[in-house]
Amino acid sequence: MQQSTANGTVRLLDPAYRIAAKGSLEACLDAGQTQAPAAEGDRAVILLHGLGRGRIVMRRMEHALRKAGWTVANVGYPSLRRPLAYHVDAVRCIARALHQDGAHEIALVGHSLGGLVARMTAVHAGEDGWTLGRIVLVGSPAQGSAIAEALKDFPPFRAIAGECGRAVTPLHAIQVPVPATEIAIIAGGNGKNGYNPFLTGDNDGIVTVDETRLPGTESAFLLLPSTHTRLPMRHDTVAATLSFLETGHLLTQLQAGRS
């Protein structure tokens, strides 16, 4: 379901992303009860795109996970128009629905800002009644973004990025809790000075490799030769994510073919 940030109207999309119902939340929920497909199995995963992006960037990962037998919720959310807490509440609802539909365990995969949403959602798993699976953070600024910090007081950036633009600054990002589960980090860079010469150290053009690391924790880690926007769409990112969700180990050799 999608809700307009302008007037609050709700629409229900079918698996092919066509409008199946439109109107009030209650009407769409009723329609969803009769039209929703059965869960594919007891393994479920929620995919979360980054700031200013859409679920299309997670589509390749969605298809690969479905093919492997996972029930997948590839979530689109208005990252530029609502604060982080709003998105977390929405994802919590999705997790509860997946659990009610038979998901034994729910994993989370987040690109960039989506990684922060995933982590904040994950810490509520127990109180919401669902079991937390593994988490994969793809180019997510766990320690905040130097770019966001530099632009935080720049009026155009504030107008475009909204509250979530502040959420990825170091002050706010480091306050996001780290869930008690297995976590993997996939970062982009070139193994040298990165794709953006104005950032310190290796980077994907937007987020530095150091910014992706979770302080005080031991996480599986993989560096791929990629820019920030391309990272979640790469074959090797998808293969490594699937490997970690299913085995707890990231691929250390790129075996996914072209990227």
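Below is a short write-up of the structure. Note that residues are indexed from 1 along each chain, following the sequence as it is written. Per-residue local features of the predicted model are confined to residues with pLDDT of at least 70, and side-chain atom pairs are confined, for both listing and counting, to 80 or more; whole-chain, interface and lining totals are unaffected and use all residues. Side-chain numbers come from the whole structure's heavy atoms, not from hydrogens or water.

### Remarks on the nonpolar core
- Core analysis: the largest hydrophobic core is formed by 36 residues, its most contacted members being I46, L48, I106, L108, L113 and V117.
- Mapped by element, the contributors of at least two residues to this core are strand 4 (43-48), strand 5 (71-75), helix 3 (84-100), strand 6 (105-111), helix 4 (113-122), strand 7 (132-138), helix 7 (155-167) and strand 8 (183-189).
- Grouped together as the second largest cluster of nonpolar side chains are 23 residues, M58, M61, I186 and L224 included. Residues belong to one nonpolar core when they are buried, are Ala, Val, Leu, Ile, Met, Phe, Trp, Tyr or Cys, and are joined through side-chain atoms within 4.5 Å. Buried residues are those whose accessible area, probed at 1.4 Å on protein chains only, stays under 20% of the maximum for their type, while exposed residues exceed 50% and partly exposed ones sit between those limits. Comment: elements are numbered from the N terminus, with helices defined as DSSP H or I runs of at least four residues and strands as E runs of at least two.

### Re the sheet that holds strand 9 (residues 220-225)
- When DSSP finds two or more bridges between a pair of strands, those strands are recorded as paired. Here we have six strands laid out as an open sheet, ordered 5-4-6-7-8-9, and parallel in their pairing. Of all the strands in the sheet, the pair left with one neighbour each is strand 5 and strand 9. Put simply, the sheet's adjacent strands are angled 15° from each other on average, direction ignored.
- With six bridges connecting them, strand 8 and strand 9 associate as parallel partners. Bridge pairing in strand 9 links G189 to P225.
- Any two residues whose heavy atoms approach within 4.5 Å at even a single point are treated as in contact. Lines are fitted to the C-alpha atoms to define the axes, a helix being fitted only along its stretch in contact, and any angle between axes, read from their N-to-C directions, falls within 0 to 180 degrees. Running over the sheet, helix 2 (residues 59-67) touches strand 4, strand 5 and strand 6 and is turned about 170° from strand 5.
- Where helix 4 meets the sheet, its contacts fall on strand 4, strand 6 and strand 7, and the angle it forms with strand 6 comes to roughly 150°.

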